[in-house]
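In case you want the letters, here they are:
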Amino acid sequence: KEMVLNLMILRFGNELFRSVWNRERIACVVITFKEPFGTYGRGGYFDTNGIVRDVMQNHLLQILCLVAMERPVSVDASDIRDEKVKVLKFIKPLDLDDVVLGQYVGNPDGKTEDSKLGYRDDPGVPNDSKTATYACAKLQIDNDRWAGVPFIMKCGKAMNERKAEIRIQFRDTPSDIFGGNCQRNELVIRVQPNEAVYCKMNVKSPGMTFAAEESELNLTYHERFEDIDLPDAYERLILDFILGTQTNFVRTDELAEAWRIFTPLLHKLDAGAKCPVDYPYGSRGVAAADEFIRASGFKFSGTYKWKAEKK
């Protein structure tokens, strides 16, 4: 994806971020992938894998590496992949307490026929399936840069919207002289849809007041760069393959480290050690995941409202 690759430029091409990209300034990182459709018609395949194998262990973990890795020597594929492997080595294997799992059920108030069907209504899915269609996991990177900073990855099928984003939440202002109205800053990289980078920040409310409110510095790609045609992720991968560019492909040692992190958890899930919680088709997912994320260190104020782009 265009915005995932943009992480390299944002991090290592802007002095603005270099001194704040660490545990002293960042409180939490949340990586989200949501799809508004279920698995109907593909349930037989999905049931053998589940959302953790299908999305989290590969796609989201790749994004985590780009957020957390150290500056590579160059943009050469081997140098970038060296740093990705290094950061993976600092992550401990996940356990049952590190995840919240869910499985979607039919929504009787759904607007489409598919939304009224649950995961187990698919003919290819066993009636007693315990396969998760939603997962929220907390990872810890035990190195000097990130020790104590939770990295939350969440992904799900049959959700309320299509969205993929990286949300980097900074720590509280040490001394708030504005009556406690200053919220945490956030850097958000919206991968899809409507690719954008924006920073949530506190500004003075317009008018005679001296109160603080949340706003944003906004770079929406299709507003800033007119008449652009961003290549699809698979178009880019196919071109990289033809050209012999290996930057966006996983190396064997990187793959081994990824499985080291997830395999103990997956074996326990396959043995039925933790069952997914039901959530309605078209919802935000498992309600318990919100509390799980808050307990991990993320703060949700609810005061920020995104302004729709002007047409």
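Owing to the predicted nature of the structure, the values given are computational and were not obtained by experimental measurement. (Residues numbered from 1 in each chain as written. Predicted model: local features only at pLDDT ≥ 70, side-chain atom pairs only at ≥ 80, totals over all residues. Heavy atoms only, no water.)

Undergrad: Go over the overall build of the chain with me, naming the residues and quoting the values.
TA: Secondary structure assignment for the chain yields 9 helices and 9 strands. At a minimum sequence separation of 6, the contacts of the chain that also span at least 24 residues come to 72%. (Helix = DSSP H or I, 4+ residues; strand = E, 2+ residues; numbered from the N terminus. Contact = heavy atoms within 4.5 Å.)

Undergrad: Would you mind going over the packing of aromatic side chains in detail, with residue names and values included?
TA: Any pair of aromatic rings gets described here by the distance separating the centres and the angle formed by the planes. For the coordinates displayed, the defined rule picks out 7 aromatic pairs. Judged by centre distance (5.2 Å) and plane angle (85 degrees), the rings of Trp 146 and Phe 151 are edge-to-face. Phe 151 carries the same exposure label as Trp 146, and that label is buried. An aromatic cluster is present here, built from Phe 46, Tyr 104, Tyr 119, Tyr 134, Tyr 279 and Tyr 281 joined pairwise through their rings. (Phe/Tyr/Trp six-rings, centres within 6.5 Å; stacked < 30°, edge-to-face > 60°. Buried < 20%, exposed > 50% of the residue type's maximum accessible area, 1.4 Å probe, protein only.)

Undergrad: Report on the nonpolar core, specifying residues and quantitative values.
TA: The biggest cluster of nonpolar side chains holds 74 residues, and the ones touching the most others in it are Leu 139, Phe 151 and Ile 168. The biggest single contributor to this core is helix H4 (residues 50-68), with 12 residues. Contact partners of Phe 151, with chain neighbours within four places excluded, come to Val 29, Leu 64, Val 67, Ala 68, Ala 137, Lys 138, Leu 139, Ile 141 and Trp 146. (Core = buried A, V, L, I, M, F, W, Y, C linked by side-chain atoms within 4.5 Å.)

Undergrad: Describe in detail the sheet that holds strand E7 (residues 196-204), supporting the description with residues and values.
TA: Here we have 9 strands laid out as an open sheet, ordered E8-E7-E6-E5-E1-E4-E3-E2-E9, and mixed in their pairing. A strand with exactly one partner marks an edge of an open sheet, and here the two such strands are strand E8 (212-220) and strand E9 (277-280). For this sheet the average axis-to-axis angle between neighbouring strands, irrespective of direction, equals 20 degrees. Bridging between strand E1 (residues 26-34) and strand E5 (residues 163-170) involves 8 bridges; their strand directions are antiparallel. Bridge pairing links Ile 31 to Ile 166 in E5. Sheet contacts for helix H9 (residues 287-296): strand E2 (99-105), strand E3 (134-140) and strand E4 (150-156); angle to E3, the most-contacted strand, approximately 10 degrees. (Pairing = 2+ DSSP bridges. Axes fitted to C-alpha atoms, helices over the stretch in contact; angles between N-to-C directions.)

Undergrad: An account of a nonpolar patch on the surface is needed here, citing residue identities and associated values.
TA: A grouping of Ile 177, Phe 178 and Phe 210 is seen on the molecular surface, where their side chains present a nonpolar patch of about 370 Å² in accessible area. A relative accessible area of 67% places Ile 177 in the exposed class. (Patch = residues over 30% accessible without salt bridge, like charges linked within 9 Å, V, L, I, M, F, W, Y side chains within 5 Å. Areas by Shrake-Rupley, 256 points an atom, 1.4 Å probe, with all protein chains shown as cover. Salt bridge = Lys/Arg side-chain N within 4 Å of Asp/Glu carboxyl O.)

Undergrad: Give a description of helix H8 (residues 252-270) that names residues and reports values.
TA: Of all bends in H8, the biggest is about 45 degrees, found at Phe 262, and the proline Pro 264 comes one to four residues later. Those residues of H8 that fall on the buried side of the exposure criterion are Glu 254, Glu 257, Ala 258, Ile 261, Phe 262, Leu 265, Leu 266 and Leu 269. Where H8 is buried, its residues meet H4, helix H5 (77-89), E2, E3 and E4. Downstream of H8 by a residue or two, Gly 272 has a phi angle that is positive, lying close to 80 degrees. (Bend = angle between axes of the 7 residues up to and from the residue.)

Undergrad: Got a sec to walk through unusual backbone geometry? Specific residues and values, please.
TA: Negative phi values dominate among residues other than glycine, just as trans dominates among peptide bonds. Here the amide bond leading from Gln 192 into Pro 193 is cis, since omega sits at -10 degrees, within 30 degrees of zero. Inspection of the secondary structure assignment puts Pro 193 in the loop between strand E6 (186-192) and E7. Its identity as a non-glycine residue notwithstanding, Ala 158 has a phi of 55 degrees, on the positive side. You can see Ala 158 is positioned in the loop between E4 and E5. Even without being glycine, Asn 194 reaches a positive phi, approximately 50 degrees. Inspection of the secondary structure puts Asn 194 in the loop between E6 and E7.

Everything listed here is a matter of coordinates, which is why it stays silent on function.
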